[in-house]
Amino acid sequence: MTCHVRVEPPVAPAFERDLDAAEIVMGRVSSAGLVLPDVSVSRQHARLFQRDGGWWVEDLGATNGTELNGVKISGPTKLSAGDRLRMGGTVVQFDPPPPEPEWRPPTPDPMPAASTDRQAARLQTLNDIHRALATAISLPDLLDLILERCFRVLAPEEGVILLKDAAGNMTPAASRQKPGASSAVFISRRLVEEVAGKGEPALVLDAALDERFSGSESIMTAGVRSVAAAPLADAEGTLGMIALSSRVSVRQFSEADLDLLVSLASAAALRVRNVALAEEAAERRVLERELALAHDMQMAMLPRAMPDRREVSLAARLTPARSVGGDLYDFVLAPDGLWFIVADVSGKGVGAALHMAVAKTLFRATVNGAAPRDLPRVLARINQELCRDNEQMIFTTAIIGHLDWTTGTLTLADIGHLPVVLVDSQGRITTPEVPKNIAFGVIEDAGFDVATIALAGGSVILLYTDGATDARDTRGTLFGAERLAGAIAAGVGQGDRATAEAMVSAVAAAVEAFSAGAPPEDDLTLFAIEYRG
Amino acid sequence: MTLTELRHLGVVVISPSGRIDSTTSSVLDAHLVRLAQSGDDRIVIDFAEVDYISSAGLRVMLTLAKRVRGSAGALALCGLEDAVRQVFELAGFMPLFTIAASREDAIQRAGGA
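Before going into details, it helps to say that this report is about the structure given with it. Predicted model only: the values in this text are computed from it and were never measured. (Residues numbered from 1 in each chain as written. Chains lettered and ligands numbered in written order. Predicted model: local features only at pLDDT ≥ 70, side-chain atom pairs only at ≥ 80, totals over all residues. Heavy atoms only, no water.)

**Re the overall build of chain B**
The test is simple: Strands are runs of DSSP state E lasting at least 2 residues, helices are runs of H or I lasting at least 4, and numbering of each runs from the N terminus. Accessible area is worked out with a 1.4 Å probe on protein chains only. A residue is then buried under 20% of its type maximum, exposed over 50%, and partly exposed in between. Any two residues whose heavy atoms approach within 4.5 Å at even a single point are treated as in contact. Method for areas: the Shrake-Rupley scheme with a 1.4 Å probe, in which residue coverage is limited to the protein chains shown.
From N to C terminus, chain B includes 4 helices and 5 strands. Ordered by position in the sequence, the α and β elements of chain B form the string β-β-α-β-β-α-β-α-α. Burial status across chain B gives 49% buried among its 113 residues. Across chain B, contacts joining residues at least 24 apart in sequence account for 69% of those joining residues at least 6 apart. Summed over its atoms, the accessible surface of chain B is roughly 5000 Å², and 50% of this surface lies on carbon and sulfur atoms.

Rendered as structure tokens:
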């Protein structure tokens, strides 16, 4: 048993269909048996089905529900001739009485013979277009498809789709020409303002006589031209516009053509919005997944427990930033002392995390069994490895050193990093002079210089990354070296011997309080070594 | 960050202004890559209007220097105020770049003729 429905979408023109399947799903999704071109309709909104010789309707859990003659339905409900179903902004009439011969008020139409037959054919075309557009998955494909359909049903010589870019400017995103047509895209700024700016369709019967094309802004090509243009707009606003043009001698557009273009553009806008959102969401998901992976890799590389021995005690904090990663700290306990590293890999994401893993592995491998006097050679080897295949110029800054806890001798190298802070046993805060070396990963045959410092028992050295000095408050002020010195002084306390843990806690708290409310710019690493003597 | 570009004596002078950080450095990098693609390899970067450069910005400078060396072009930097100069110094990058005292000097050292 067949039934007949008349569909009245909110924007697109109404259309009618005969249905004869056992079950028909109605919704926005292109695979629906009855596609409803309406953003307020759910993808699979409701179903019509046959039972006991009659037709029934059932809501499929749609967000906005389904109304039958103004009453929301809650289960399968039998339909009678003339019933009105409302889904979102769309009305579907079930077996409506035959339409009035002129259901649409006649509009002045320069194209003759725009009969109802022809209208019906165009409406059928629109439903086909809506289905076809649903097959495109990328934005360029979709835009090409929209133009292809425009050419098929409206036969212009040239067509262009403008889309609003991130800065709000309308820029050409796709165009198409009939073979042999002029290559210039025929559009004026005034027309863009009128159509995309105000959201109004425009019909230009003869561009030469139309003031929207007067003046120097127009790009005139040979021949008198007719233009039809419609906004690509949905409930959330204007996304862009479609403009079609032709020489009048070849094709002059009518009001009926414009109506069809407007309907086509509204169906297209819905798809453009969905595809753009899907692409944006997919990019964001990929980025987020990558950042999450990089974060996990970074955290997995950090030592789990900090030693607290008779000779030495260590404390560390690493507060990762959401988007920029790359900090690392590590240490190796040798029989007579401690090797340590604090590093900052430039770059972010998995690339930086992999570089970080390489740096850590190289550090562990090269210091294993090495003597403090070997440090320059250790550094040269790490650098050579980090220069290898480094097309992206990912560089790594680091402080690498060795503390001999039997003698208190500190061997220290600054590889393009921030200075080290030393708090001696009397609580004096100094910055020991350490020769500057170029960051790892830049110059393959770079040489490295190191400093040797004699530490007294009760000294603490603090290593940090630029997440500390470059932290910003909500007004954009940098934390800076002076505030860092103040925070360290607070960590030392009055007349007390500094401890590694107190120093790290004090600086971390100061940076956190300073930058409260501002997103962290960069990873913040603090690493303190307390030499107990 | 905004970028200003002018050409003088066959040298392209790029003047970024504001902050060159992990977000904005990609804009600068993309611009410099486009320059390279159009065959411009005599370049001056004027940092006079730059308040801050992060390690991401330094990386852009390193890749630029490498590209310019690869094409036998020339690169000079000028206008390095303390905040920016310090970042180059900390990373140990000063010896890698030609640092000029003024824009005119930089244009000359980038081979302006």
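**Some details on the interface of chain B and chain A**
The criterion, for reference: Buried area: the accessible area, evaluated with a 1.4 Å probe, that two parts lose upon being put together, summed over both parts. Just to be clear on terms, a salt bridge is a Lys or Arg side-chain nitrogen sitting within 4 Å of an Asp or Glu carboxyl oxygen. Two N or O atoms form a polar contact when they lie within 3.5 Å of each other; inside protein one atom must be a possible hydrogen donor and the other a possible acceptor, and for residues adjacent in sequence the pair counts only when both atoms belong to side chains.
Contact residues are listed per partner, giving 15 residues for chain B and 24 residues for chain A. Contact between chain B and chain A buries roughly 1600 Å² in total, counting both sides, with carbon and sulfur atoms accounting for 60%. The largest per-residue losses of area from chain B upon contact with chain A belong to B:Y52, B:R59 and B:L90, which jointly make up 35% of the total buried on that side. At the junction of chain B and chain A, the tally comes to 0 salt bridges. There are 6 residue pairs in polar contact (both at pLDDT 80 or more) connecting chain B and chain A. For the side of chain B that touches chain A, the element with the highest residue contribution is helix 2 (residues 55-70) of chain B, accounting for 6 residues.

**Some thoughts on the sheet that holds strand 27 (residues 524-531) of chain A**
Residues and elements named next belong to chain A. Condition: Being paired, for any two strands, means DSSP has found at least two bridges between them. Structural elements are reduced to axes, namely lines fitted to C-alpha atoms, with helices fitted over the stretch in contact, and the angle between N-to-C directions of any two is expressed from 0 to 180 degrees.
Sheet architecture is open: 5 strands sit in the order 17-27-26-22-23, paired in antiparallel fashion. Lying at the two open borders of the sheet, with one neighbouring strand each, are strand 17 (312-319) and strand 23 (429-430). Taken together, the 6 bridges between strand 26 (residues 459-464) and strand 27 define a ladder with antiparallel strand orientation. Bridge pairing in strand 27 links S459 to Y531. Running over the sheet, helix 9 (residues 500-514) touches strand 17, strand 22 (421-423), strand 26 and strand 27 and is turned about 20° from strand 17.

**Some remarks on the layout of surface pockets**
What counts is decided by this rule: Cavity: a set of points on a 1 Å grid over the protein atoms alone where a 1.4 Å probe fits but cannot get out. Pocket: an open set with protein on both sides within 12 Å along at least five of seven lines, its lining residues, like those of a cavity, having an atom within 4 Å of a point. Grid points are joined across faces, edges and corners, and a volume is the space filled by probe spheres set on the points. Gly is put with the polar residues, along with every residue not named as nonpolar or charged; the nonpolar set is Ala, Val, Leu, Ile, Met, Phe, Trp, Tyr, Cys and Pro, and the charged set is Asp, Glu, Lys and Arg.
Approximately 770 Å³ is the volume found for the largest pocket. Every residue lining the largest pocket is counted, 37 residues in all, and those nearest its centre are A:L418, A:T469, A:D470, B:Q86 and B:L90. Mapped onto the lining of the largest pocket, the elements with two or more residues apiece are strand 23, helix 7 (466-469) and helix 8 (480-492) of chain A together with strand 4 (49-53), helix 2 and helix 3 (82-90) of chain B. Residue composition of the lining of the largest pocket, grouped by class: 19 nonpolar, 12 polar and 6 charged.

**Some thoughts on the environment of B:T2**
Residues and elements named next belong to chain B. With respect to the element layout, T2 can be found in strand 1 (residues 2-8). What makes T2 partly exposed here is its relative accessible area of 47%. Considering only alpha carbons, one finds T2 and E49, 47 residues apart in sequence, at a separation of 9.7 Å. Engagement of the side chain of T2 in a polar contact is seen with the side chain of S17, the distance being 2.7 Å.

**What to know about the sheet that holds strand 10 (residues 84-87) of chain A**
Residues and elements named next belong to chain A. With respect to topology, 6 strands assemble into an open sheet ordered 2-1-11-10-7-8, the strand pairing being antiparallel. At either margin of the open sheet sits one strand with a lone partner, and together these are strand 2 (15-19) and strand 8 (71-72). In terms of strand pairing, strand 7 (residues 66-68) meets strand 10 through 3 bridges, oriented antiparallel. Directly across from L68, in strand 10, lies its bridge partner L85.

**Quick notes on a negative patch on the surface**
Note the threshold: Every patch collects residues that have over 30% relative accessible area and no salt bridge, joining them within 9 Å if they carry like charges and within 5 Å if they are nonpolar side chains (Val, Leu, Ile, Met, Phe, Trp, Tyr). In this tally Asp and Glu are treated as negative and Lys and Arg as positive; neither His nor the chain ends contributes. Here the site of a charge means NZ on Lys, CZ on Arg, CG on Asp, or CD on Glu.
Taken together, B:E49, B:D51, B:E81, B:D82 and B:E89 make up a surface patch of like negative charges. Those elements that place two or more of their residues in the negative patch are strand 4 and helix 3 of chain B.

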